[in-house]
Amino acid sequence: MKRQWKSLILAFNWVLLSLGTSVLIILTQSPQITIAEQPAVIIKTPEKETTDIKKPESDTTAEEEAKPTPEEIARQEKLMEADKLYQAGNIAQAETIYRQAKQAFTNTSEIKPANTAIVDPAKLPPAGQVYWREAQAGIISNLKTRTLVPLELLVEKYPEFIPGNIKYAEALKKYGQNEKALEVLEKATSLYPNQAELVQVRVDALADEKKWMQASLAARQFALLNPEHPQAKEFSQQADEKLKKYTSYIRRETRGNAIANIITGVVGYAATGSLLGPFSALDSTMMLLKGEEGVGRSVAKQAKKQLKLIEDKEVNTYINDIGQKLAKIAGRNEFEYEFFVIPEESLNAFALPGGKIFINAGAILKTNSEAEIAGLIGHELSHTVLSHGFQLVTQANLISNVTQYIPLGGTVGRILTFDYSRDMERQADRLGTRLLTAGGYAADGLRNLMVTMKNEQKNTPPVWLSTHPGGGERVRYLETLITTNGYNRYAYEGVASHQKIKDKVKQIVKETKDKDKKEDNKKEEKNTVLTN
C-alpha cells in the first residue's frame, strides 16, 4: 500500500514538473519561420554505429545481377548518344534518337494531350454553348439542379473551358459540396497549370478550407513554372503567406497536444515504473514545437547513429547535386536539404520532415539512368515539401508516444515506417514528375523505375514499393499523367554518368558486405572462445 502511495506521489510530482516545463517551452517558442541561407549537405558515417535497426536483405546480390542483353546494350548506347546531343544543345536531333530508343507507352494509346484552353464562351462548340447558357440561367434563377447538371456535363465534355470549371467549382461550394469542388479544381489545374485565373480560384478554395500547405504549394508551383508571367510575383507572395499560416496552425495543434503527450508519458510511468515514458513524451513535444526542420534534424541525427552511410565523395556529390537541383525547383527554401546514401542493396528510400532524405544504394543499382534516380528522389522530396511526414507526425504524435515502449517505436519508428495515404502518394507522384520535367530530365524517369520494379516483383514487392500503390496501377497512372499534361519524356536521361556511379556503388556495397562478414566472423570466434 505504501509503495502504491509512493508511486502516485512521484507521478503527481512528475506531472507538476512536466506541466511547468511544457508551459516554459510553449512560452519561449518563436512563431517565426527560419530560412536556410545556403543549404549544406553533410554526409558522414558516425564513429560509433549500432545495429538496432533491422535492415532488409536484398533479393539478389550485386554479383548475381543479370547481364544486359545485346538489345539492351544497343538501347543504352543510343540513349548515351542522345544525351551527348542534348547536352550540346542539339535538342531536335537528340529527341529523334530518344524516340528511337524508347518504347511507346502501352497503356495510353487512347489518351491524348489536353486540348488548348478556351476562355471565351463564343469559342465553345454549339453543344458547349447550350450547356453554358443553361447553367447561367440556373445561376440567375438560383436553382440547384439547373445549375449543377449543365455545368457537370460542360466540364465533362469540354474540360478545356476554363470559366466552366471555375463556375462549376463555385456552384458546388455554394451547395455544400466543398470536397468535390476541390476535386474539380485539382483536375482542371493538373490539365491547365498555366491558367492563372484557374489556379487562383483553387488557391482561394484551399485557403477557405484551411488547407494552407496545399494552397501555398499550388501558388508556388504556378510562380515556379511561369516565372515570366505578370502574376508570378503575386503568386509567390501568396505562397509565403499561406506557408506562414500553415506553420502557425501546426504550432497551435502541437501546443494543444502538449499536455496530452505529458499525461501519456505519466501513464506509461505509472504502468511500467520506467521514466522512459515521461521523458520520451516531453522530448517528443519539445521536438515537434521546433517545427518541421527541428523534427527532421532530430530524427536524422538518431537515424545516422543507427545506419551506416556511404562516405564516398563522388557518390554523395552525385546524389546531392540531383537532390539540390530538384529541391530548388520545389521552392521551399526554408529547409536545409540533406541527402544520405545507405550501403544497402534493397531498393528503398525515405524522407524525413524538413528535407532530410535517405536513399539505399540499391536504389542507385536498380535504376538505369540519372532521370530514374531523380524520379525516385523527386518523389521522396515531394513528400517533404508537401509536409506529408510532418502532418502524420503531428496528427498522430499522441499515439507514437505510446509506442515508444516498443523497439523502434516513438517518433523515430513512426517516421521510418510512414504509411502515406493514397492521396499523398498521388500528390508526390504528380509533383515529383513536375520537378523532373522542370529540371530538364525525361518526364518518365519515375515511371521507368516503376516498370523495372513491376517486372522484378515476384512473390514479395521491393521494400519501397510495398508501402505504395501497386506497380501496375502506378505505371498506368504515371503514363496517363505524362500524356495528358504533354510532359516531355524525350529529354535528358543521363545514362553514362549514372552507370559510372553505379559501378562505384556496386564496389562500395561489396566492400561493405565483406567487411561486415569479417566482423561477424570475429565476433562469432570470440563468442566461441568465451563459451569454451
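Residues numbered from 1 in each chain as written. Predicted model: local features only at pLDDT ≥ 70, side-chain atom pairs only at ≥ 80, totals over all residues. Heavy atoms only, no water.

Caption draft 1: Representation of helix 13 (residues 313-330) in the model. Spanning 18 residues, helix 13 covers 25 Å between terminal C-alpha atoms, matching the ideal 26 Å at 1.5 Å per step. Within helix 13 the residues assigned to the buried category are Val-315, Asn-316, Tyr-318, Ile-319, Asn-320, Ile-322, Gly-323, Gln-324, Leu-326, Ala-327, Ile-329 and Ala-330. Near the N-terminus of helix 13, the side chain that reaches the backbone nitrogen of Glu-314, with its oxygen 3.1 Å away, is that of Asp-312. Directly after helix 13, the chain includes Gly-331, whose backbone phi takes a positive value near 95°. (Helix = DSSP H or I, 4+ residues; strand = E, 2+ residues; numbered from the N terminus. Expected span 1.5 Å × (residues − 1). Buried < 20%, exposed > 50% of the residue type's maximum accessible area, 1.4 Å probe, protein only. Polar contact = N/O pair within 3.5 Å; in protein donor to acceptor, adjacent residues only side chain to side chain.)

Caption draft 2: Representation of the pattern of salt bridges within the structure. Following the criterion strictly, the structure yields 21 salt bridges and no others. A salt bridge links Lys-173 to Asp-208; the shortest N-O distance between them is 2.3 Å. With Lys-173 in helix 6 (residues 162-174) and Asp-208 in helix 8 (residues 196-208), the pair connects residues that are 35 residues apart, well separated along the chain. Overall, Lys-173 belongs to the partly exposed group, its relative accessible area being 33%. Glu-314 serves as the salt-bridge partner of Lys-500, at 3.3 Å between the closest nitrogen and oxygen. Separated by 186 residues along the polypeptide, Lys-500 in helix 22 (residues 495-531) and Glu-314 in helix 13 bring together distant segments of the chain. Where salt bridges share partners, they join Lys-102, Asp-444, Arg-489 and Glu-493 into one cluster. (Salt bridge = Lys/Arg side-chain N within 4 Å of Asp/Glu carboxyl O.)

Caption draft 3: Representation of the packing of aromatic side chains in the model. Scanning all chains against the criterion turns up eight aromatic pairs. With centroids separated by 5.1 Å and ring planes inclined at 90°, the aromatic side chains of Trp-132 and Phe-161 adopt a geometry described as edge-to-face. Taken together, the residues Trp-132 in helix 4 (residues 126-141) and Phe-161 in the loop between helix 5 (144-157) and helix 6 connect sequence positions 29 residues apart. Residues Trp-132 and Phe-161 agree in their burial class; the two are buried. With a centroid separation of 6.3 Å and 40° between ring planes, the pair formed by Tyr-441 and Tyr-492 is classed as tilted. Placement of the pair is Tyr-441 in the loop between helix 18 (422-438) and helix 19 (445-456) and Tyr-492 in the loop between helix 21 (471-485) and helix 22, with a sequence separation of 51 residues. Tyr-492 carries the same exposure label as Tyr-441, and that label is buried. Ring pairs connect the aromatic residues Tyr-86, Tyr-98, Tyr-441 and Tyr-492, which therefore count as one cluster. Stacked on the ring of Tyr-441, the Lys or Arg Lys-325 has its end atom at 4.6 Å from the ring centre. (Phe/Tyr/Trp six-rings, centres within 6.5 Å; stacked < 30°, edge-to-face > 60°. Lys NZ or Arg CZ within 6 Å of the ring centre and 35° of its normal.)

All we've got here are geometric facts, nothing functional implied.
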